[in-house]
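# A look at the structure
Letter by letter, the chains look like this.
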Amino acid sequence: TDLAELRALTAEVDQRVQAVLEPLFAAGKVPILVGGGHNNAYPLLVSASKTHGVVNALNLDPHPDVRALEGRHSGNGFSYAHEAKALDRYAVLGLSEHGVNAASLDYLNRQEGCTYETFESWAIRGEQSMDQARERLLSFVQNRPFGLEVCADGIASCPSSAMSHIGWTWLDVAETAYRAGQTGQCAYLHLAEASVGLAEAQAQSALAKSVAYCALQFIRGCQNLPW
């Protein structure tokens with residue numbers, strides 16, 4: 001019931017995540033994080049920036065998570081990373097035109113270095129394909145090391161904190177992970193929000209396999225560089 005205390009605890013989680021990740025980045029590793037809240041995007045970006053310098057991010061997510069700097073929570077990881085000078089270019093793939101609030105959309109439109117492609121642009125209106133949207137945003141972020149963020153909220157029927165039956169597929173996620181790996185610039189993969197514990201018992205194994213498959217395709221992409 002104490003909002004200030006919860007935000008302070010989230011900031012404490014930031015410090016704990018950074019303590020684990022900073023040595024991994026410094027050792028030249030490419031971390032893969034599975035599960036947990038999308039609040040962990042902030043310590044990931046900060047940790048990556050300690051080794052790589054300021055980094056970029058591509059976020060496959062219906063929500064941009066650029067809410068106000070009002071204390072740490074899962075909805076403001078990227079705005080906090082911008083404020084901390086850890087994040088430079090930020091691209092949102094699959095932004096929901098009906099799920100983004102006005103303040104967040106205004107932030108994306110006015111903040112230098114931010115761009116997005118909406119889910120409705122390919123899934124509803126057919127103005128482009130998801131492949132075309134993904135390739136534009138990958139080109140946008142790969143001028144420097146970038147993090148690939150994936151929120152399970154956007155995967156159709158995936159148990160998560162904001163589950164919906166409308167969204168993309170696990171295969172779309174796997175292809176995005178593979179293509180990001182192939183750039184040779186992806187510093188980490190973050191598969192956030194997927195919760196095996198929220199799935200029906202008979203579906204838990206399939207969900208775990210889907211997550212593992214996407215992580216495997218990311219590794220394959222990192223191994224199969226196009227040059």
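Reading the values: rules and limits
Residues numbered from 1 in each chain as written. Predicted model: local features only at pLDDT ≥ 70, side-chain atom pairs only at ≥ 80, totals over all residues. Heavy atoms only, no water. Helix = DSSP H or I, 4+ residues; strand = E, 2+ residues; numbered from the N terminus. Buried < 20%, exposed > 50% of the residue type's maximum accessible area, 1.4 Å probe, protein only. Polar contact = N/O pair within 3.5 Å; in protein donor to acceptor, adjacent residues only side chain to side chain. Contact = heavy atoms within 4.5 Å. Expected span 1.5 Å × (residues − 1). Pairing = 2+ DSSP bridges. Right-handed = clockwise from strand over helix to strand, strands pointing away. Core = buried A, V, L, I, M, F, W, Y, C linked by side-chain atoms within 4.5 Å. Axes fitted to C-alpha atoms, helices over the stretch in contact; angles between N-to-C directions. Parallel < 35°, antiparallel > 145°, perpendicular 65-115°, else oblique. Left-handed = near helix turned anticlockwise from the far one by under 90°. Nonpolar A, V, L, I, M, F, W, Y, C, P; charged D, E, K, R; others polar. Salt bridge = Lys/Arg side-chain N within 4 Å of Asp/Glu carboxyl O.

This brings us to the side chain of His73. Its place among the elements puts His73 in the loop between β2 (55–60) and α3 (77–83). Exposure remark for His73: the relative accessible area of 18% places this residue in the buried category. A distance of 3.0 Å separates a polar side-chain atom of His73 from the backbone nitrogen of Gly75. Beyond its immediate stretch of four places on either side in the chain, His73 contacts Arg7, Thr10, Asn39, Arg67 and Ala68.

A positive phi angle, near 55°, is found at Asp65, a position not held by glycine. Checked against the element boundaries, Asp65 lands in the loop between β2 and α3. Given a relative accessible area of 12%, Asp65 falls into the buried group. The phi dihedral of Lys85 is positive, around 60°, even though this residue is not glycine.

Okay, helix α2 (residues 41–52) next. For α2, with twelve residues, the first-to-last C-alpha span of 16 Å sits near the 16 Å given by 1.5 Å per residue. Counting buried positions along α2 gives nine out of twelve residues, so the element sits mostly inside the fold. Restricting attention to buried positions, one finds in α2 the residues Ala41, Tyr42, Pro43, Leu44, Leu45, Val46, Ser47, Ala48 and Ser49. Phi turns positive, to about 80°, at Gly53, one or two residues after α2.

By the criterion of burial, strand β6 (residues 186–192) is predominantly enclosed, with seven of the seven residues buried. Where strand β1 (residues 32–34) meets β6, three bridges bridge the pair, whose relative direction is parallel. Across the sheet, residue Ile32 finds its bridge partner in β6, namely Leu189. Bridge count between strand β5 (residues 146–151) and β6: six bridges; the pairing is parallel. Counterpart to Val150 in the pairing with β6 is Leu191. Each parallel crossover has a hand, and for β5 linked through helix α7 (residues 170–182) to β6 it is right-handed.

A word on the nonpolar core. Counting residues in hydrophobic clusters, the biggest one holds 33 residues, and the most contacted among them are Leu58, Leu93, Leu148, Trp168, Trp170 and Val173. For this core, the secondary structure elements donating two or more residues are β2, β3 (87–95), α5 (119–123), α6 (130–141), β5, α7, β6 and α8 (204–223). The element best represented in this core is α6, accounting for six residues. Those residues within four positions of Leu58 in sequence are excluded, and the remaining contacts are Ala91, Leu93, Leu137, Leu138, Val141, Phe146, Gly147, Leu148 and Glu149. Phe25, Tyr42, Leu44 and Tyr107 belong to the second-largest nonpolar core, a separate cluster that totals 27 residues.

So, on to the packing of α6 against α7. It is at 11 Å that the axes of α6 and α7 come closest, and there the two elements cross at 30°. The pairing of α6 with α7 is recorded here as roughly parallel in orientation. Between α6 and α7 the crossing geometry is right-handed. Note on element contacts: α7 touches α6 through Asp172, Glu175, Thr176, Arg179 and Ala180, opposite Met130, Asp131, Arg134, Glu135 and Leu138. Taken together, the residues that form the contact of α6 with α7 break down as three nonpolar, one polar and six charged.

Below, the discussion takes up the pairing of β5. The buried fraction of β5 is high, at six of six residues. By the alternation rule, side chains of β5 split into Phe146, Leu148 and Val150 and Gly147, Glu149 and Cys151, which are all buried. Bridge analysis of β2 against β5 gives five bridges, and the strand direction is parallel. Residue pairing across strands places Ala57 opposite Gly147, the latter belonging to β5.

Per the counting criterion, the structure on display carries twelve salt bridges. Taking the shortest distance from any N to any O, the salt bridge between Arg7 and Glu70 comes out at 3.5 Å. Pair noted here: Arg7 is in helix α1 (residues 3–26) and Glu70 is in the loop between β2 and α3, with a separation of 63 residues, a long-range link. Overall, Glu70 belongs to the partly exposed group, its relative accessible area being 40%. Across the pair Glu22 and Lys50 runs a salt bridge whose closest N-O atoms are separated by 3.2 Å. With Glu22 in helix α1 and Lys50 in helix α2, the pair connects residues that are 28 residues apart, well separated along the chain. With relative accessibility at 53%, the residue Lys50 sits in the exposed group. Sharing partners across several salt bridges, the network here consists of Glu97, Arg125 and Glu127.

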